[in-house]
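Coordinates in review
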Amino acid sequence: MTLAARLPSAAPMSVLDERFMRRAIALGARHLGQTWPNPSVGALIVRHDRDGPMILAEGITQAGGRPHAERIALEAAGEGARGATLYVSLEPCSHHGKTPPCVDAILAAGIARLVTALDDPDPRVRGRGHERLRQHGVEVVTGVLADEARRAHRGHLLRTTQGRPAVMLKLARTADGHAARLSGPRLLITGERSNARTHLMRAHADAIMVGVGTVLSDDPLLTVRLPGLESRSPLRVILDSRLRTPVTAKVIATAHATPTWIVTAADAPAQAGEVLADAGAQILRVEAPGGRVDVAAALRMLAGRGVTRVFSEGGPRLGEVMMAQDLVDEFALATSAAALGEPGVPALGPRIAAALQERFKRVGEEQLGPDRLELYERMG
Ligand SMILES: NC(=O)c1ccc[n+]([C@@H]2O[C@H](COP(=O)([O-])OP(=O)(O)OC[C@H]3O[C@@H](n4cnc5c(N)ncnc54)[C@H](OP(=O)(O)O)[C@@H]3O)[C@@H](O)[C@H]2O)c1
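Residues numbered from 1 in each chain as written. Predicted model: local features only at pLDDT ≥ 70, side-chain atom pairs only at ≥ 80, totals over all residues. Heavy atoms only, no water.

On to the domain arrangement of the chain, then. Partitioning the chain into structural domains gives domain 1 (13–157) and domain 2 (162–378). Placing a centre on the C-alpha atoms of domain 1 and another on those of domain 2 gives a separation of 33 Å. With 14 residues of domain 1 at the contact, the number on the domain 2 side is 19 residues. The interface formed by domain 1 and domain 2 contains three salt bridges. Those elements that provide at least two residues to the side of domain 1 that touches domain 2 are α1 (13–30), α5 (146–152) and α6 (154–162). When residues in the side of domain 1 that touches domain 2 are grouped by element, the largest group, four residues, is from α6. Of the residues belonging to the side of domain 1 that touches domain 2, the class tally is six nonpolar, five polar and three charged. (Domains from an automatic or database assignment. Contact = heavy atoms within 4.5 Å. Salt bridge = Lys/Arg side-chain N within 4 Å of Asp/Glu carboxyl O. Helix = DSSP H or I, 4+ residues; strand = E, 2+ residues; numbered from the N terminus. Nonpolar A, V, L, I, M, F, W, Y, C, P; charged D, E, K, R; others polar.)

Right, here's the structure in full:
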């Protein structure tokens, strides 16, 4: 991918660095949900000369986690990379994994200056990438747009430092605050535009997670059904302590095309597990104190299998437990213009309501047709 664009040369270097880093972070964001267990990184190679800076090449971590963004950009820039600046949203790797370290490729390409947003806390890297490049005479600038990069790489950072994925909780509510009817048919709360936005959020997650209550009452498909993005349906995860998921459920019937993992208690009925496994689901057993799957243990297990970003879409009961255990990093709340007009299941239980007041700040709001989407992030 090459993009030749001259930009004004008058701006000081720190301003240009921020500008190019913003672009690198935006590039990386495009492949979120596709690169796990690796982070989705963005890279840019820029030549600064008398006529101003020129972007020579761009790169994004590819599906499955490799090639890394730096390699894609270096290959596209070819000889042009000699003496140029490389912008990367995360420290380049310095260890031999399935591919040789990016640091070697950067040195071989003759990059003169490296600008990054963050040290990679992965114990195999942790500053060593920056250090090796400095030792070989590359000018290294770190910490540019670090807060933005921390948000973009939250899944990788949490998985590496805390052993759990980043979690976005999403709930929809009627204008009078309900997530569901007390009983009876499924309540369709939001409209087309809001639903399309939800599908986009799904596409940027590694896994969609729901409690078995949502499967039993709604029988959702939990896939991405946006034109052109159908192949980006993430893994589906159901928390189901007693293996009540019906073998006829859509998430099971489609499990061969879109993987479905059922997280259950260690002592959940073996026969039900066999039936669901034969139908294509993967059964994973974790601790279940009091007979109910421990969500924190489930998230640790997912991180252990490489999952970095979870989109939790249901339902209000699971959301309440996750908020109570402080396992939610981002919260998306969709509110429709129409009211239910009868008693229903509240979308915001007491723990979610309290957390929003105490620990979360609102970072965005979008009007999606008749629906309003509010986005919150955990503070600190
Ligand atoms: N408005 C919305 O955004 C939205 C989203 C999703 C669903 N819904 C609606 O909500 C209703 C279903 O609500 P729900 O709250 O029962 O669904 P849910 O949260 O998806 O499922 C709850 C079930 O998950 C299982 N579970 C496993 N581990 C758990 C844990 N640690 N903590 C809590 N639950 C755990 C429990 O069953 P076991 O004990 O058997 O494991 C529990 O009964 C439906 O009417 C659906 O239409 C609304």
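Still to come is the rest of the account.
What follows concerns the side chain of E330. Considering the arrangement of structural elements, one finds E330 in strand β13 (residues 330–335). Within the structure, the side chain of E330 is placed 3.0 Å from the side chain of R154, a separation counted as a polar contact. Ignoring any residue separated from it by four or fewer positions in sequence, one finds E330 in contact with R154, V167, M168, L169, F360, Y376 and E377. (Polar contact = N/O pair within 3.5 Å; in protein donor to acceptor, adjacent residues only side chain to side chain.)

Time to look at the site of the ligand. In the neighbourhood of the ligand, 25 residues make up the surrounding shell, with A172, T214, D218, S241 and V293 lying closest. Within the backbone of G213, an N or O atom sits 3.0 Å from an oxygen atom of the ligand. G315 has a polar backbone atom sitting 2.8 Å from an oxygen atom of the ligand. Here the ligand loses 89% of its free accessible area of 910 Å² to cover by the protein chains. Counting atoms within 2 Å of the grid points, the majority share of the ligand lands in the largest pocket. Listed by contribution, the elements that provide at least two residues to the shell around the ligand are β6 (166–173), β7 (178–181), α8 (212–218) and α12 (316–324). Taken together, the residues of the shell around the ligand sort by class into 12 nonpolar, seven polar and six charged. (Near = heavy atom within 4 Å. Areas by Shrake-Rupley, 256 points an atom, 1.4 Å probe, with all protein chains shown as cover. 1 Å grid on protein atoms, 1.4 Å probe; cavity = no way out; pocket = protein on both sides within 12 Å on 5 of 7 lines; lining within 4 Å. Sits in = over half its atoms within 2 Å of the grid points.)

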